[in-house]
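# Residue-level structural notes
Take a look at the letters that make up each chain.
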Amino acid sequence: MNRNILKEISNKYDTPLYVYAADKIEQQYHLLKSCLPDKFEIFYSAKANPLLGICQYLKKLGSHIEVASLGELHIAFEAGFEPYNMIYTSPGKTYKELEYAIENNIYSINIESVKEAQIIEEIALKKSKKVNISLRINPNFNITGASLKMTGVATQFGIEQDQIGEAMKAIHLLSNVNIIGIHIYTGSQMLDAQSIVNNMEEVIKLSIEISNAYHFNLEFLDLGGGFGIPYFNGEAYLNMEHLKMELGLVWQKYRDRLTQTRIGVESGRFLLAESGVFITKILYEKKSKGTKYYVCDGGSNQHASSAFLGRYVRNNFPMYLLGKEQEEQEVVNVVGSLCTPTDVMGQKVKLPEASPNDYIVIEKSGAYGLTHSPVLFLSHTLPAEVIYFENEVYVLRERGKVEDFLKGQNNLSIPEKSFT
């Protein structure tokens, strides 16, 4: 995004601030779509960024949606997605969440256990409905290539491949549950195109085997996703031409068997990460025992991913000092205003000499930014979020107010005499 425009937006809307470039979202969506066989459908993983406006924009581009909570499901309906284009995946869906999904006839609830199927059956019977489910499988294969593996290892996700027979026997006893498909998500943040292709081929083969062995029509096949983007030094962009060519060859092998099957892939990070930046203002510069710090108004409570909270090994998101990109650099730490030593967004990064009120821009922040952050910690107000579309700025989330923290809270109503 043009850096002069970013400065204008920062001056107008203040910081901390998320800014999204609509044209980049569109570019990424069409790039991914162009590399998939025509029959494949994209389901936006709302967890990456569940902003209403972002979901609405992706719907306009042609995306469907994958949700993982009642809140995301509600947002999906508010954004205008049709139930037929919604799937629901989560290892811990509550009775209330399942009830809402069933009442609203979403296309597929991707179940993680037999017990979940039995709860769906109970709700379906009460409501006299037939409910579509897809089985999430934890397969035995574990093809390398994902920075975060979700299959082939011990995990809370899905039904173990070795337990499919036992699970199918139990699910076939349920009269109001209709098995329509298979869902396998092997891992996240894959940057090797061949690994993605290999994973998807194994998913296709296993899904066909399961549907043949247990005699149900494979109406839906959710291949997962894992399409990554490079964040750090040494990482390369996913080779989209290779992905297109090799996935096309795989599809040629299986398309005749899957002519009546709806094929879905999930994506969040690939679609959104590079479209967004997090902008924070420098409040103070200080030195401590030979280390220089830029103390900013936004921190890990608003962008936990950049601070690598919860990770054993940290790295730095790409960042720059707005308006001073060409100046000589020095090694500094970029920190937020929280009372914790973990509030470090940039550790030993190279930035130019800065002054208070200068802006630091943290790139690749469009996915797993605010939605991934402990926003209640220290009760700082939420940052504003805006999108830049065709030379206009649209506010997607208003800047928070201090009164927001009292929403839903009640005054203490214990009688005074209790304290005497």
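These notes cover the structure that comes with them. What you see is a predicted model; the values in this text were computed from it and never measured.

## Concerning the overall build of the protein
Regarding its fold elements, the protein presents 11 helices and 20 strands. The principal-axis extent of the C-alpha atoms belonging to the protein is close to 70 × 70 × 40 Å. The buried share of the protein, taken over its 420 residues, is 53%. In the structure as shown, the protein presents an accessible area of about 19,900 Å², 49% of it carried by carbon and sulfur atoms.

## Points about the pairing of strand 2 (residues 40-45)
Buried residues dominate strand 2, accounting for 6 of its 6 residues. Here strand 2 pairs with strand 12 (residues 262-267) via 5 bridges, running parallel. Paired with E41 across the bridge in strand 12 is G264.

## With respect to the packing of aromatic side chains
A complete count under the given rule lists 14 aromatic pairs for this structure. Here Y107 and F220 contribute two aromatic rings whose centre-to-centre distance is 5.2 Å and whose plane-to-plane angle is 85°, an arrangement assigned as edge-to-face. Here Y107, found in the loop between helix 5 (95-103) and strand 5 (108-111), pairs with F220, found in strand 11 (residues 220-222); they are 113 residues apart in sequence, far enough to count as distant. Accessibility expressed as a relative area gives 9% for Y107, which makes it buried. For F220, a relative accessible area of 0% translates into the label buried. Within the aromatic cluster, the residues linked to one another by ring pairs are F43, Y84, Y107 and F220. If you follow R262 out to its NZ or CZ, it ends over the ring of Y84, 3.9 Å from the centre. Note that R262 overlies the ring of Y107, its terminal NZ or CZ placed 4.5 Å from the centroid.

## Here's the deal with the side chain of S63
Of note, S63 is situated in the loop between helix 3 (52-61) and strand 3 (64-67). Polar contacts involving the side chain of S63 include one to the main-chain amide nitrogen of Y44, which spans 3.4 Å. In this structure, S63 is in contact with Y29, I42, F43, Y44, L58 and F81, ignoring residues within four places of it in sequence.

## Overview of the environment of E202
Here E202 lies in helix 8 (residues 193-213). Separated by 21 residues in sequence, E202 and L223 place their C-alpha atoms 9.7 Å apart.

## Let's talk about the packing of helix 5 against helix 6 (residues 114-127)
Each pair of packed helices can be summarised by the angle the axes make with each other and by the distance between the axes. As a packed pair, helix 5 and helix 6 sit with axes 10 Å apart at the nearest point and diverge in direction by 55°. Here helix 5 lies oblique to helix 6, going by the angle between them. Crossing of helix 5 against helix 6: the hand is right-handed. Here helix 5 contributes Y95, L98, E99, I102 and E103 to the contact with helix 6, which in turn contributes E116, I119, I120, E122, I123, K126 and K127. Tallied by class, the residues present in the contact of helix 5 with helix 6 amount to 6 nonpolar, no polar and 6 charged.

## With respect to helix 2 (residues 22-34)
With 13 residues, helix 2 should reach 18 Å at 1.5 Å per residue; the first-to-last C-alpha distance of 18 Å fits that figure. Among the residues of helix 2, those classed as buried are A22, K24, I25, Q28, Y29 and L32. Along the long axis of helix 2, the arc covered by the buried residues comes to 165°, so they all point the same way.

## Focus: the environment of E385
Topologically, E385 is positioned in strand 19 (residues 384-389). Distance from E385 to V395, taken between C-alpha atoms, is 6.2 Å for residues 10 residues apart in sequence. Not counting chain neighbours up to four residues away, the residues in contact with E385 comprise L17, Y18, Y20, L51, L370, Y394, V395, L396 and R397. Within the local environment of E385, its side chain forms a polar contact with the side chain of R397, the two groups lying 2.6 Å apart.

## A look at the nonpolar core
If you look at the biggest cluster of nonpolar residues, it comprises 104 residues, and the most contacted ones within it are Y44, I133, F227 and I360. The dominant element in this core, judged by the number of residues it contributes, is helix 8, at 9 residues. In this view, I360 contacts F278, I279, T280, I282, Y294, C296, M319, Y320, L321, V334 and L351; residues no more than four positions away in its chain are not counted. In terms of nonpolar packing, the next biggest core, distinct from the first, is built from 14 residues, L6, Y13, L322 and V386 among them.

## As for the pattern of salt bridges
Counted under the stated rule, the structure contains 18 salt bridges. As a salt-bridge pair, K281 and D14 come within 3.3 Å of each other at their nearest N and O atoms. In this pair, K281 sits in strand 13 (residues 276-288) while D14 sits in the loop between helix 1 (3-13) and strand 1 (17-21), placing the two residues 267 residues apart along the sequence. By relative accessible area, which is 16% here, K281 ends up buried. It is possible to trace a salt-bridge network through shared partners that takes in E285, K292, E330 and E353.

## Comments concerning the pairing of strand 3
Here strand 3 shows a buried face lined by H64 and E66 and a second buried face lined by I65 and V67. At this point the chain moves from strand 2, through helix 3, to the parallel strand 3, and the crossover so formed is right-handed. Where strand 3 meets strand 4 (residues 86-89), 3 bridges bridge the pair, whose relative direction is parallel. The partner of I65 across the bridge, within strand 4, is M86. For the handedness criterion, the β-α-β arrangement of strand 3, helix 4 (residues 70-78) and strand 4 is classed as right-handed.

## Some points on unusual backbone geometry
In this model, T15 is joined to P16 through a cis peptide bond whose omega is -5°. As for its placement among the helices and strands, P16 is situated in the loop between helix 1 and strand 1. In the Ramachandran plot, N105 falls in the positive-phi region, its phi being about 60° despite a non-glycine side chain. Locating N105 in the fold gives a position in the loop between helix 5 and strand 5. Phi at Y368 takes a positive value of approximately 55°, unusual for a residue other than glycine. In this structure, Y368 sits in the loop between strand 18 (359-362) and strand 19.

Rules behind the numbers
- Residues numbered from 1 in each chain as written.
- Predicted model: local features only at pLDDT ≥ 70, side-chain atom pairs only at ≥ 80, totals over all residues.
- Heavy atoms only, no water.
- Helix = DSSP H or I, 4+ residues; strand = E, 2+ residues; numbered from the N terminus.
- Buried < 20%, exposed > 50% of the residue type's maximum accessible area, 1.4 Å probe, protein only.
- Areas by Shrake-Rupley, 256 points an atom, 1.4 Å probe, with all protein chains shown as cover.
- Pairing = 2+ DSSP bridges.
- Phe/Tyr/Trp six-rings, centres within 6.5 Å; stacked < 30°, edge-to-face > 60°.
- Lys NZ or Arg CZ within 6 Å of the ring centre and 35° of its normal.
- Polar contact = N/O pair within 3.5 Å; in protein donor to acceptor, adjacent residues only side chain to side chain.
- Contact = heavy atoms within 4.5 Å.
- Axes fitted to C-alpha atoms, helices over the stretch in contact; angles between N-to-C directions.
- Parallel < 35°, antiparallel > 145°, perpendicular 65-115°, else oblique.
- Left-handed = near helix turned anticlockwise from the far one by under 90°.
- Nonpolar A, V, L, I, M, F, W, Y, C, P; charged D, E, K, R; others polar.
- Expected span 1.5 Å × (residues − 1).
- Arc of directions from axis to C-beta.
- Core = buried A, V, L, I, M, F, W, Y, C linked by side-chain atoms within 4.5 Å.
- Salt bridge = Lys/Arg side-chain N within 4 Å of Asp/Glu carboxyl O.
- Right-handed = clockwise from strand over helix to strand, strands pointing away.

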